[in-house]
Each structure stands twice: as C-alpha cells, then as structure tokens.
Amino acid sequence: MTTNKKKIFVTQTMSPRARALLTERDDIELVEFPNLISAKDFEAMLKQHAPVHGVALGATRFGEPELEACRDMKVVTRIGVGYDAVDVPALSRRKVPLMVAGTANSPSVAEQALFMMLMLAKRATEMHEMVMNGTWASRLSQLPFDLYGKTLLIVGFGRIGTRTAKRCYDPYKQAAEIASAGCETVADLGAALPRADFVSIHCPKTPETVGMFNAARLKLMKPTAYLINTARGGIVDEKALHEALLKRRLAGAGLDVFEQEPPPVGEALHSLPNVILAPHVAGVTVEAVDRMSEQTALNILSALDGAPIRQNVINQDVL
C-alpha cells in the first residue's frame, strides 16, 4: 500500500524521547535497525523498505550502495559527531546533507579524557589491586602524582578539545591571566610534544591525521608522559605505542578507541599494566545519548522541512 509518510531508519540506541519527537509527526514512519548490523543486511533492509528518506546512524557505515538502496534519501544523520564511516562525497553528489549532533556529547568526551588522565596519574588500577591482594605495604613504592602543575597538550581544539581545556584550568581566571600562566597555542606538534606531561587527542580522523602518533612522534614525548585517545582509532599507531610503553619510553596510555573495533581479544597492548581501556564509550553516557538522540531527531526534522540546521551540516556545499 502506498503512503505519503517519510520513512526514517533509526538505530536501536536512539532514545525514547527522540523517537517521540519523530513519531509525534503524522508524516513520519520509523523503522528500527540493530546498531551492529552487517553492511550486507543493512543494504538488504534498506531495499526492502525503500523508498527510505532519512537515517539516524550509530556505528553503521553509509555510502553509495546504501544511497542507491534507499532510492530517495533526504538526510543522513549521526547520533554522534564523528563521520569517518560515512562517504561524504557520495552524499554531496546526490545533494544529501550529512548532519551530526553538534556539541551534544562534547562534555562527556572531555570528562572521559580527564578521567583517564586522573586514573593514570593516581594509579587507580594499582591502588585497587593493593587493597584487593593484600599488598598494602607496597603502596609507597608506587606513589601517585598530581595533575596540578603539569603540562597538557591538546591535539585538536574544537568542540571537545576546548571543553577538555576548560576542565584543566580555573574558569574564574581571565584569558590574559591564563596566557600569562603559560597556556599557549602551538602550531608545531613536534616541538610541543617534548614539553607535554599529558597529550589528549581530540582531532577528527582524516587522511592527514591517520597515523599522526607514529613511532617517530611517540619518541618525541617524555618517558614520564601519558597519551590519551578519545577521538578515533587509527590516529595512534598501536604497534608503535605498544613498543614505546614496553620499552618505557612512555609512562602510560588511556584508549577509548582502536584501529579495529572491537579489537581482537588478547592484543599485546591491552595486557600492559599502564594502559587504561574503554570500549569506545567516551561520548556515550546516559545523558549524552539523550542529548545526541534529541539533536539527531531535530536534525532530521529540520532537513525534511527544507531548512537543515546549518551548523550541524558537514557537507555545507549541499545547502
């Protein structure tokens, strides 16, 4: 039976409130798909329900085959801000906007980066094990240290990088006072790395940033420094990182993202005691999922109504 409703695909992780924003409209029909659906099954599902007019993606890849299967795509959205799994040029060729969730999960990722810094600095894993294993007497041999007075290098000063910075200095200090205290903009990553006690990565994954932290750059870091990656896997060369940590050329690392996701069980890097791991959840807190989902729903509605929220559109050339 034919219908005038716009068919919108939404991943299972989309929040109830966001779904309600869409279903409150009598011109929209929702179709749910699993967040970890295979590319083959996703394409088949799109063809089955075509025409499909919008999609809210989680981790699912989207490009030319999916666009062809949809037949009448109006908007592609991400319940998040990263879009390395989306073929942006393919969307632009068809004048389909790609929209992201703006700043919805930025505070969450910034908190995760700070959490990993604190966990490493305060030796949280080691301290927990001392109590659990009855090795209390050895606590003074592995003293934690303070973040206070340390140097943090933030790679990528966008939505998340700026919020990470704000969590690392006194918000009541004036900009001039912060500058006079030694905070500065650096253009040369190689020159800045030897100065940093912590390096927190917040740049997007692009051809320019893939492998940015390779063996050569890791060698520039202090042996007492820590590397935090809550951005995207592939920006850090994991084999080079493992070697640097194993040979104690680096003090530790916190990783929320990996070159392969999920990573193979038993990876050598993951067994090191000075590595903190998380399953790509820095921006997926309870609150962030609600914020991102609602922003995604608003993005979809704005595009269907012919006025996409401009600041959330990645491929501005389609506007």
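Residues numbered from 1 in each chain as written. Predicted model: local features only at pLDDT ≥ 70, side-chain atom pairs only at ≥ 80, totals over all residues. Heavy atoms only, no water.

Novice: Which parts of the structure should I look at to understand the packing of aromatic side chains?
Specialist: The geometry of an aromatic ring pair is captured by the separation of the ring centres together with the interplanar angle, meaning the angle of the planes. Overall, the coordinates contain seven aromatic pairs when judged by the stated rule. Ring centres of F9 and F42 lie 6.3 Å apart, and the angle between their planes is 65 degrees; on these two criteria the pair is classed as edge-to-face. Here F42 lies in helix α2 (residues 39-49) and F9 lies in strand β1 (residues 6-11), a separation of 33 residues in the sequence. Overall, the relative accessible area of 0% leaves F42 in the buried class. Arranged with centres 5.7 Å apart and planes meeting at 35 degrees, the rings of F145 and Y226 form a pair that is tilted. Placement of the pair is F145 in the loop between α6 (124-133) and β6 (152-155) and Y226 in strand β8 (residues 226-229), with a sequence separation of 81 residues. (Phe/Tyr/Trp six-rings, centres within 6.5 Å; stacked < 30°, edge-to-face > 60°. Helix = DSSP H or I, 4+ residues; strand = E, 2+ residues; numbered from the N terminus. Buried < 20%, exposed > 50% of the residue type's maximum accessible area, 1.4 Å probe, protein only.)

Novice: Explanation requested: the packing of helix α1 (residues 16-23) against helix α12 (residues 286-304) in the structure shown.
Specialist: The geometry of a pair of packed helices is captured by two quantities: the angle between their axes and the separation between those axes. Following both chains from N to C, one finds α1 and α12 inclined at 15 degrees, their axes separated by 8 Å at the closest point. Between α1 and α12, the crossing angle belongs to the class labelled roughly parallel. Where α1 crosses over α12, the handedness of that crossing is right-handed. Contact residues: R17, A18, L21 and L22 in α1; S293, E294, A297, L298, I300 and L301 in α12. Broken down by class, the residue content of the contact of α1 with α12 amounts to seven nonpolar, one polar and two charged. (Axes fitted to C-alpha atoms, helices over the stretch in contact; angles between N-to-C directions. Parallel < 35°, antiparallel > 145°, perpendicular 65-115°, else oblique. Left-handed = near helix turned anticlockwise from the far one by under 90°. Contact = heavy atoms within 4.5 Å. Nonpolar A, V, L, I, M, F, W, Y, C, P; charged D, E, K, R; others polar.)

Novice: Please clarify how unusual backbone geometry should be interpreted in this entry.
Specialist: Note: most residues except glycine have negative phi, and most peptide bonds are trans. Of note, the amide linkage connecting A50 to P51 takes the cis form, showing an omega dihedral of 5 degrees. Here P51 is to be found in the loop between α2 and β3 (52-57). Each neighbour pair has its own omega, and for E261 with P262 the value is -10 degrees, a cis peptide bond. By secondary structure assignment, the location of P262 is in the loop between β9 (252-255) and β10 (275-277). The phi dihedral of R71 falls on the positive side, at around 75 degrees, and the residue is not glycine. With relative accessibility at 60%, the residue R71 sits in the exposed group. A positive phi is found at R123, a non-glycine position, where the angle reads about 50 degrees.

Novice: Just to check I follow, could you spell out the pattern of salt bridges for this structure?
Specialist: Should the charged atoms of two oppositely charged side chains come close, the side chains can pair. A complete count under the given rule lists 15 salt bridges for this structure. Ionic pairing is found between K122 and D146, a salt bridge with its closest N-O pair at 2.9 Å. Taken together, the positions of K122 in the loop between α5 (106-121) and α6 and D146 in the loop between α6 and β6 put the pair 24 residues apart, joining distant regions of the chain. Taking the relative accessible area as the measure of exposure, K122 reaches 33% and is therefore partly exposed. (Salt bridge = Lys/Arg side-chain N within 4 Å of Asp/Glu carboxyl O.)

Novice: Please clarify how the pairing of β3 should be interpreted in this entry.
Specialist: Remark: a regular strand shows side chains that alternate across the two faces of the sheet. With six of its six residues buried, β3 lies for the most part within the structure. For β1 and β3, the ladder comprises three bridges, and the chain directions are parallel. Across the sheet, residue V10 finds its bridge partner in β3, namely A56. Here five bridges tie β3 to strand β4 (residues 71-78), and the two strands are oriented parallel to one another. Its bridge partner being in β4, V55 is matched across the sheet by V76. Between the parallel elements β3 and β4, the chain passes through helix α3 (residues 64-70) in a crossover that is right-handed. (Pairing = 2+ DSSP bridges. Right-handed = clockwise from strand over helix to strand, strands pointing away.)

Keep in mind that these numbers describe shape and distance, not what the molecule does.
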